Amino acid sequence: MQQSIRLSLTLTGAAALTLASIPQVNGKPAEVAQGTADDLGVMSINFKDVVKPQIGFQGALQGAGTPNQAGIGGFLPLVVGDNSVFFADVEANLNFADFNYYSSINNTTVAGTTISTSSRLGYRWLNGDQSWMFGINGGYDTRPMATGYADTGVDVSGKQTVFFQQAAFDLEAVNAAWALNAYGLIPTGTTEYTLNNRYKGGALDTYGLDVGYSITPDWNLSVGYYYQNGDLNTADGSGVKGRLAYAINNDLTIGTNISYDDAFDTRLSANIKWRFNTNGMNREKQKKAWEKPVIKAALESVKNRNVRVHDKERHPLDPERLPGM
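This structure is a prediction, so every number in the text was calculated from the model and none was measured.

Enquirer: Looking at this structure, how should I read the packing of aromatic side chains?
Expert: Given two aromatic rings, one states the distance between the centres and the angle between the planes to describe the pair. Enumeration according to the criterion identifies 10 aromatic pairs in this entry. Between Trp132 and Phe134 the ring centres are 5.9 Å apart and the planes differ by 10°, which places this aromatic pair in the stacked class. On the accessibility criterion, Trp132 (28% relative accessible area) is partly exposed. Ring geometry for Phe164 versus Tyr193: centroids 5.3 Å apart, planes at 70°, classification edge-to-face.

Have a look at this one:
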């Protein structure tokens with residue numbers, strides 16, 4: 001690291017001496033040294049030209065408290081300024097059954113098929129030289145959840161379909177190399193239900209911070225910390241997660257995810273997202289915009305929007321809380 005710093009300082013010094021030694025033929029050194037904004041690539045992107053609706057598909061394999069799912073979604077600019085956008089971001093997903101004898105919520109398997117939704121309103125803006133993008137958003141998510149057999153080998157009866165919901169918020173900061181994302185998922189309404197004659201299930205409060213790093217323009221690595229707790233008191237505690245994503249092109253991204261906490265142990269999953277803009281923007285203009293990470297980040301879908309659920313074995317004296325109660 002120190003060698004890299006010394007090398008950078010040496011190259012910078014050499015470059016400065018070289019520039020200083022160039023004869024000033026036309027008497028306008030300021031223009032030669034500084035150039036125009038377009039020459040330097042600063043402020044050369046017209047934000048209003050590239051902030052357009054993005055519509056497409058997404059899918060994910062089950063993770064820690066989250067289902068196998070696939071659906072449609074869209075980033076919808078509502079008000080676009082010179083360096084800012086007020087937007088809506090919406091998704092609707094089909095939730096499918098868990099893998100065979102592998103519960104996503106701990107003991108009870110999730111059955112198919114239900115439809116979950118996620119809605120966000122947010123505001124994103126760039127700083128003066130378009131080197132940073134900042135954002136804030138909040139919204140509401142729903143998750144009906146059908147339940148099936150237990151992966152513990154225990155026979156269960158009285159399988160229920162239950163309904164969870166949550167409020168959510170998200171804070172973002174992105175530059176050319178780094179991305180910071182702080183979020184909170186807060187269950188509302190009825191947060192725990194009887195799933196069957198043996199198990200109860202509850203939605204989890206989750207608060208986390210993700211830190212991403214752009215390895216190359218196409219590869220992105222992120223690590224995160226989260227804290228979760230719920231009314232059932234069996235999943236409370238901290239966890240860590242990681243993600244490696246690859247942008248196949250400007251529209252299509254795939255990723256692998258890993259997480260660990262005491263409630264779910266190690267969970268591996270994968271996801272895919274395809275978004276395309278709906279106004280036929282010139283591909284060269286889009287490519288130029290996507291070369292600036294902050295522009296691309298300003299149009300990305302909001303992250304961390306699943307309602308996370310965990311279950312535990314019922315105590316014989318626990319009161320039943322069935323859907324609608």
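Enquirer: Just to check I follow, could you spell out the sheet that holds strand β10 (residues 199-203) for this structure?
Expert: Sheets are built from strands that pair by backbone hydrogen bonding, the pairs being arranged parallel or antiparallel. Read from one edge of the open sheet, three strands run β9-β10-β16, paired in antiparallel fashion. The open sheet has two edge strands, β9 (192-194) and β16 (309-313), and neither has a second partner. The average undirected angle you get between the axes of adjacent strands in this sheet is 25°. With five bridges joining them, β10 and β16 adopt antiparallel strand pairing. Along β16, the bridge assignment pairs Ala203 with Val309.

Enquirer: I tried to follow the environment of Gly184 on my own but got confused; where do I start?
Expert: Position of Gly184 among the secondary structure elements: in strand β8 (residues 178-188). For Gly184, a relative accessible area of 0% gives the class buried. Excluding residues within four positions of it along the chain, Gly184 makes contact with Ala167, Ala168, Phe169, Thr206 and Tyr207.

Enquirer: So what exactly am I meant to see when it comes to the confidence of the model for the protein chain here?
Expert: Close inspection of predicted coordinates is inappropriate for parts of the model with low pLDDT. Averaged over all residues, the pLDDT of the protein chain equals 85, while 79% of them reach at least 70. A low-confidence stretch, residues 1-43 (pLDDT under 50), is modelled with 12 contacts involving residues beyond four sequence positions or located in other chains.

Criteria and thresholds
- Residues numbered from 1 in each chain as written.
- Predicted model: local features only at pLDDT ≥ 70, side-chain atom pairs only at ≥ 80, totals over all residues.
- Heavy atoms only, no water.
- Phe/Tyr/Trp six-rings, centres within 6.5 Å; stacked < 30°, edge-to-face > 60°.
- Buried < 20%, exposed > 50% of the residue type's maximum accessible area, 1.4 Å probe, protein only.
- Pairing = 2+ DSSP bridges.
- Helix = DSSP H or I, 4+ residues; strand = E, 2+ residues; numbered from the N terminus.
- Axes fitted to C-alpha atoms, helices over the stretch in contact; angles between N-to-C directions.
- Contact = heavy atoms within 4.5 Å.
- pLDDT = per-residue confidence, 0-100.

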